[in-house]
Amino acid sequence: MSSLSGTLKVLVRVRPLPSPEKAVDSHDENRVKSTCVNVIEGEGGKSNQTIRISRDRKGTNDFNFSEGAVLGPAAKQSQVYSHCNVVKDVIEGIDCCIMAYGQTSSGKTYSMYGKDWAEETLKESADSPLSKPGHSELHMGSGVVPRSIHDLFSELDNLASQSSEDFDFSVHCQILQIYNERIYDLLQDKKRENPLSLREAPGKGQKRNDASSVHIPGMSVFRVHSRDDVMNLLKKGVKNRATRATDFNAESSRSHTILQLFVNVEQPDAQGLMVLRRSTFSLVDLAGSEKWRPSLEKSGANQLYAERARREEQEKEMVNINSSLATLGNVVSALLEPGRRHIPYRDSSLTRLLQDALGGRGRTIMIATVHEKTEYVEETFSTLSFANRASR
């Protein structure tokens, strides 16, 4: 994994060609012609990985990442999660964030949630190291979010069963979306009628379930006792997120979808004094970046009013998504500069909400998802450029 002062870690996941374009033989000539990305393992004893992208007349570009940071088209969900398991850090009181970044249809939601995740069930596996009393194995297609939730409650329940009666924990949950730079409660405001605002955290003495530097007045926060509690809320919330068809995806999310778990753990230290550890665990499916395309240009005066309004709304969505992602890039760039005092967290709702994990003593893992198909070469180049810059 590549790191930024131990705070930001970057993974690159390459989405494979969809069937029937995908050839059985990975060296098939037709497949080579239809792909623009090639993953090269370290050569000459080097431990790094290189992604080489071919841009036709613009030539080729190489992006170097540390060993293990690049997950090729054959990577399984379990391999992705093995690089993203921050549950123990969360329980230790460290603010953590896992996010998926990339163009629309590049596999962000699949990496974060998995296929048909809302219908999946836990199943026992006799061969699994988790096949012990109180443990179960997730479906092999499960993404980072269900795996993280499962492991968090499994670890907390284990600690509770193995510790003294003085050990206690609580978990609270909120689910929101950031659409056109406005924050909406996905569980209470599916029509996006009541935008909410970020505020600085209350002063000392005011009761809160988390230790975040910002909070959202009016946001619904639920006490959750198990993985099923969170998953049931998540299924309800995700149905309410803003989506629309794009050139690349029939149902693309046009908002940043954020699940936040506020974890409180209380237990005695070596001297018998009670220690309270608080953390915020943010799981973020970012809206897909999208370049301007002729299909979004306005037509003439004869265009119907409703169609013009739809186009204008699409343009507004695109501008706000790209602006928000650009601010995320600016924050990463600022964090890369030694001695940089001002970090522009306040320039977008997303970075302000996640500032505790992005900077300070928090941890953020970014999964940059890219296509290997030549049709998406320029978007893939942009994502790899950002990922490579963030990994330095």
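Predicted model, so just to flag it, every value in this text is computed and none were measured.

**Brief notes about the overall build of the protein chain**
Working step 1: For the protein chain, the count of helices and strands is 10 helices and 17 strands.
Working step 2: Looking at the protein chain residue by residue over its 392 residues, the buried ones come to 52%.
Working step 3: Long-range pairs, those at least 24 residues apart, make up 67% of the contacts in the protein chain with a sequence separation of at least 6.
Working step 4: With the model as given, the accessible surface of the protein chain reaches about 19,200 Å², and the carbon-plus-sulfur share is 46%.

**Observations concerning the packing of aromatic side chains**
Working step 1: The tally for this structure, following the rule as stated, stands at 3 aromatic pairs.
Working step 2: The ring of Phe381 has Arg55 lying over it, and the distance from NZ or CZ to the ring centre is 3.6 Å.
Working step 3: Here the guanidinium or amino end of Arg192 rests over the ring plane of Tyr179, the centre of that ring lying 4.4 Å away.

**Some points on a negative patch on the surface**
Working step 1: Side chains of Glu165, Asp166, Asp168 and Glu266 sit close together on the surface and give a patch of like negative charge.
Working step 2: Tracing the sequence through the fold places Asp168 in strand E8 (residues 168-179).

**Here's the deal with unusual backbone geometry**
Working step 1: Phi at Asn180 takes a positive value of approximately 50 degrees, unusual for a residue other than glycine.
Working step 2: By the element assignment, Asn180 lies in the loop between E8 and strand E9 (182-185).
Working step 3: Despite not being glycine, Arg192 shows a phi value in the positive range, around 55 degrees.
Working step 4: In this fold, Arg192 is placed in the loop between E9 and strand E10 (199-200).

**Comments concerning the pattern of salt bridges**
Working step 1: Scanning the entire structure with this criterion turns up 12 salt bridges.
Working step 2: Between Asp62 and Arg52 there is a salt bridge, with the nearest N and O atoms lying 2.8 Å from each other. With Asp62 in strand E5 (residues 60-65) and Arg52 in strand E4 (residues 49-54), the pair connects residues that are 10 residues apart, well separated along the chain.
Working step 3: Of the residues examined, Asp62 reaches a relative accessible area of 41% and is grouped as partly exposed.

**Looking at the sheet that holds E5**
Working step 1: Taken together, the 3 strands give an open sheet; going across it, the order is E3-E4-E5, and neighbouring strands pair in antiparallel fashion. In the strand order of this sheet, the two ends are held by strand E3 (37-41) and E5, each with one partner. Each strand axis lies, on average, 20 degrees off the axis of its neighbour in the sheet, ignoring direction.
Working step 2: Note that E3 and E4 share 5 bridges and pair antiparallel. By the bridge assignment for E4, Glu41 is matched with Gln49.
Working step 3: Of the strands in this sheet, E3, E4 and E5 touch helix H10 (residues 377-390), which is tilted by about 35 degrees from E5.

**Describing H10**
Working step 1: Between the first and last C-alpha of H10 there are 20 Å, a value that for 14 residues agrees with the 20 Å anticipated at 1.5 Å per step.
Working step 2: In terms of residue burial, H10 counts as a mostly covered element, since 10 of its 14 residues are buried.
Working step 3: Among the residues of H10, Val377, Glu379, Thr380, Phe381, Thr383, Leu384, Phe386, Ala387, Asn388 and Ala390 are the ones counted as buried.

**Focus: the side chain of Gln77**
Working step 1: Within the secondary structure, Gln77 is located in helix H2 (residues 77-82).
Working step 2: A relative accessible area of 5% means that Gln77 is categorised as buried.
Working step 3: Among the polar contacts listed, one links the side chain of Gln77 to the side chain of Arg13, at a separation of 2.7 Å.
Working step 4: Once residues lying within four places of it in the same chain are set aside, the contact partners of Gln77 are Arg13, Tyr110, Ser111, Gly114, Met140, Gly141, Ser142, Gly143 and Arg147.

**Focus: helix H5 (residues 144-162)**
Working step 1: With 19 residues, H5 extends 27 Å between its outermost C-alpha atoms, agreeing within 8% with the 27 Å of an ideal straight helix rising 1.5 Å per residue.
Working step 2: Along H5, the positions that sit buried rather than exposed are Val144, Val145, Pro146, Arg147, Ser148, Ile149, His150, Asp151, Leu152, Phe153, Ser154 and Leu156.

**As for the confidence of the model for the protein chain**
Working step 1: Residues at a pLDDT of 70 or more form 78% of the protein chain, whose mean pLDDT is 82.
Working step 2: Within the model, pLDDT remains below 50 along residues 1-5, and this stretch shows 24 contacts once partners closer than five positions in the same chain are excluded.
Working step 3: Below a pLDDT of 50 lies the segment residues 121-136, which in the model reaches 21 contacts outside its immediate sequence neighbourhood of four places, other chains included.

**Observations regarding the state of the cysteines**
Simply put, disulfide is the name for a covalent bond between the sulfur atoms of two cysteines.
Working step 1: Counting across every chain of the model gives 0 disulfides.
Working step 2: For Cys97, which is in no disulfide, the shortest distance to another cysteine sulfur is to Cys96 and amounts to 8.8 Å.

**Some words on the environment of Leu350**
Working step 1: Mapped onto the elements of the fold, Leu350 is located in helix H8 (residues 349-353).
Working step 2: Assessed through its relative accessible area of 0%, Leu350 is described here as buried.
Working step 3: It is 8.6 Å that separates the C-alpha atoms of Leu350 and Leu325, two residues lying 25 residues apart in sequence.
Working step 4: When neighbours within four sequence positions are excluded, Leu350 is seen to be in contact with Ile178, His256, Ile258, Val284, Leu286 and Ser324.

Thresholds applied
Residues numbered from 1 in each chain as written. Predicted model: local features only at pLDDT ≥ 70, side-chain atom pairs only at ≥ 80, totals over all residues. Heavy atoms only, no water. Helix = DSSP H or I, 4+ residues; strand = E, 2+ residues; numbered from the N terminus. Buried < 20%, exposed > 50% of the residue type's maximum accessible area, 1.4 Å probe, protein only. Contact = heavy atoms within 4.5 Å. Areas by Shrake-Rupley, 256 points an atom, 1.4 Å probe, with all protein chains shown as cover. Phe/Tyr/Trp six-rings, centres within 6.5 Å; stacked < 30°, edge-to-face > 60°. Lys NZ or Arg CZ within 6 Å of the ring centre and 35° of its normal. Patch = residues over 30% accessible without salt bridge, like charges linked within 9 Å, V, L, I, M, F, W, Y side chains within 5 Å. Salt bridge = Lys/Arg side-chain N within 4 Å of Asp/Glu carboxyl O. Lys, Arg positive; Asp, Glu negative; His and termini not counted. Charge placed at Lys NZ, Arg CZ, Asp CG, Glu CD. Pairing = 2+ DSSP bridges. Axes fitted to C-alpha atoms, helices over the stretch in contact; angles between N-to-C directions. Expected span 1.5 Å × (residues − 1). Polar contact = N/O pair within 3.5 Å; in protein donor to acceptor, adjacent residues only side chain to side chain. pLDDT = per-residue confidence, 0-100. Disulfide = S-S within 2.5 Å.

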